[in-house]
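Each chain, written out:
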Amino acid sequence: MYDFLERYKIYYRNQVLDWSNSCLFQQEALISRLIDSDDYSNLLSFDEITALYDIIRDECVRRVGLPHSSVPDV
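Residues numbered from 1 in each chain as written. Predicted model: local features only at pLDDT ≥ 70, side-chain atom pairs only at ≥ 80, totals over all residues. Heavy atoms only, no water.

Structural notes on the pattern of salt bridges
In step 1: Using the criterion set out here, one finds six salt bridges in the structure.
In step 2: The shortest N-O distance in the salt bridge between D3 and R7 comes to 3.1 Å. Residue D3 and its partner R7 are located together in helix 1 (residues 2-17), separated by four residues, close to a single helical turn.
In step 3: As a salt-bridge pair, D58 and R57 come within 3.4 Å of each other at their nearest N and O atoms.
In step 4: Given a relative accessible area of 34%, R57 falls into the partly exposed group. (Salt bridge = Lys/Arg side-chain N within 4 Å of Asp/Glu carboxyl O. Helix = DSSP H or I, 4+ residues; strand = E, 2+ residues; numbered from the N terminus. Buried < 20%, exposed > 50% of the residue type's maximum accessible area, 1.4 Å probe, protein only.)

Considering helix 3 (residues 46-65)
Residue pairs spaced three or four apart in an α-helix point in one direction, given the helix's 3.6 residues per turn.
In step 1: When the terminal C-alpha atoms of helix 3 are compared, their 29 Å separation across 20 residues agrees well with the 28 Å that a helix rising 1.5 Å per residue should span.
In step 2: Those residues of helix 3 lying buried are E48, I49, A51, L52, Y53, I55, I56, E59, C60 and R63. (Expected span 1.5 Å × (residues − 1).)

Shown next, in the form of structure tokens:
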């Protein structure tokens with residue numbers, strides 16, 4: 001499982017870099033709602049979704065910390 005999860009993280013770290021700001025923030029909001037739901041802990045993909053949320057959140061924080069002119073909204 002560890003190898004799969006690490007490969008998953010690498011893949012999505014690379015994917016998230018190409019997302020527009022609006023897509024990134026929309027996905028963060030959707031996954032936040034999923035995590036807040038009562039059934040979240042029962043999902044089989046609990047680990048993957050949590051890892052994806054961490055990646056998305058980290059990228060949101062990174063982009064918010066950049067000067068506005070250096071963050072293109074593709």
